[in-house]
Amino acid sequence: MAEPIMAGPVALRTSPLAHLEERMRAGSVTGARGVTLAELPFLTMVNVRVDPASEAADRIGRTLGAPLPRRCGDTAASAHRTVVWLGPDEWLVLSRADAGIVTAELREALQGAPGSVVDVSANRTTLELSGPSAREVLEKGCPLDLHPRVFGPGHAVSTTVGPIAVLLWQLDDAPTYRLLPRSSFADYLARWLIDAMSEYGGPEVV
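Because the structure is a prediction, the values reported are computed rather than measured.

Quick word on the overall build of the protein
So, point 1. Along the protein, the regular secondary structure elements total five helices and 10 strands.
So, point 2. Here the protein has a C-alpha radius of gyration of 18 Å; the compact-globule value for 206 residues is 17 Å, and the two agree.
So, point 3. Projected onto its principal axes, the C-alpha coordinates of the protein cover approximately 60 × 40 × 30 Å.
So, point 4. Within the protein, the fraction of its 206 residues that count as buried is 46%.
So, point 5. Considering only contacts within the protein whose residues lie at least 6 apart along the sequence, 63% involve residues at least 24 apart.
So, point 6. Approximately 10,300 Å² of the protein is accessible, and the part contributed by carbon and sulfur atoms is 54%.
So, point 7. In the protein, which carries 19 positive and 24 negative side-chain charges, the distance between the mean positions of the two groups comes to 2 Å.

What follows is the structure, given as structure tokens:
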């Protein structure tokens with residue numbers, strides 16, 4: 001059964017980057033050196049902490065439809081949900097389903113065992129950076145080695161882009177990345193990315 005998609009209340013909210021929507025669109029570049037930037041607001045984010053070797057972790061995995069990832073950088077996906085490894089006993093569940101429903105299901109799976117399930121959706125927003133030049137844009141300010149031989153689709157790690165701490169997740173080979181900064185730092189990060197993208201709109205210097 002498909003999960004219900006959030007509606008109604010979302011229309012009454014203002015996302016952290018609503019005021020930069022037009023600037024992000026205007027800063028996008030098409031063609032062989034293309035790169036685009038957009039906000040994906042109001043995604044559900046639920047923080048889960050539990051002993052990975054426990055029965056509770058197994059129940060949560062069954063509820064999610066995929067086992068909790070066990071290694072740094074790993075993700076697991078099922079239906080409308082993606083689970084990102086944050087630490088040895090900590091994960092972030094990302095979904096487009098209603099936050100209350102996702103949180104309630106995971107708390108039920110915990111069944112009172114040691115651990116926690118907390119809706120942290122308001123803590124971060126999501127930026128999507130995509131296109132042939134997306135990796136080069138990130139490499140201007142990210143200390144990670146993002147070469148495909150090291151970092152590829154399905155990888156997600158905590159790092160920095162410019163001076164901003166983010167959760168960086170690569171979705172595909174386009175490449176498409178999602179960056180999850182704290183909402184209070186999203187404006188700075190978006191402006192940093194727009195500036196870093198600007199050179200790709202002009203002729204390539206060789």
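Text resumes after the structure shown.
Quick look at the layout of surface pockets
So, point 1. Within this model, the largest pocket holds a volume of roughly 160 Å³.
So, point 2. Surrounding the largest pocket, T14, S15, L17, A18, E21, M24, R25, L37, A38, E39, P41 and F42 form its lining.
So, point 3. Elements supplying a minimum of two residues to the lining of the largest pocket: α1 (21-27) and β1 (36-39).
So, point 4. Split by residue class, the lining of the largest pocket holds seven nonpolar, two polar and three charged.

Focus on the pairing of strand β10 (residues 176-181)
So, point 1. Of all six residues in β10, six are buried; the element is thus mostly enclosed.
So, point 2. Side chains of β10 alternate between two faces, with T176, R178 and L180 and Y177, L179 and P181 buried alike.
So, point 3. As judged from the four bridges shared by strand β7 (residues 127-130) and β10, these two strands associate in the antiparallel manner. Within the sheet, the bridge partner assigned to L127 lies in β10 and is L179.
So, point 4. Taken together, the six bridges between strand β9 (residues 164-172) and β10 define a ladder with antiparallel strand orientation. The residue of β10 that forms the bridge with L167 is L180.
So, point 5. What sits between β9 and β10 in their antiparallel hairpin is a turn of three residues.

Parameters and conventions
Residues numbered from 1 in each chain as written. Predicted model: local features only at pLDDT ≥ 70, side-chain atom pairs only at ≥ 80, totals over all residues. Heavy atoms only, no water. Helix = DSSP H or I, 4+ residues; strand = E, 2+ residues; numbered from the N terminus. Rg over C-alpha atoms; globule rule 2.2 N^0.38 Å. Buried < 20%, exposed > 50% of the residue type's maximum accessible area, 1.4 Å probe, protein only. Contact = heavy atoms within 4.5 Å. Areas by Shrake-Rupley, 256 points an atom, 1.4 Å probe, with all protein chains shown as cover. Lys, Arg positive; Asp, Glu negative; His and termini not counted. Charge placed at Lys NZ, Arg CZ, Asp CG, Glu CD. 1 Å grid on protein atoms, 1.4 Å probe; cavity = no way out; pocket = protein on both sides within 12 Å on 5 of 7 lines; lining within 4 Å. Points joined across faces, edges and corners; volume = space filled by probe spheres on them. Nonpolar A, V, L, I, M, F, W, Y, C, P; charged D, E, K, R; others polar. Pairing = 2+ DSSP bridges.

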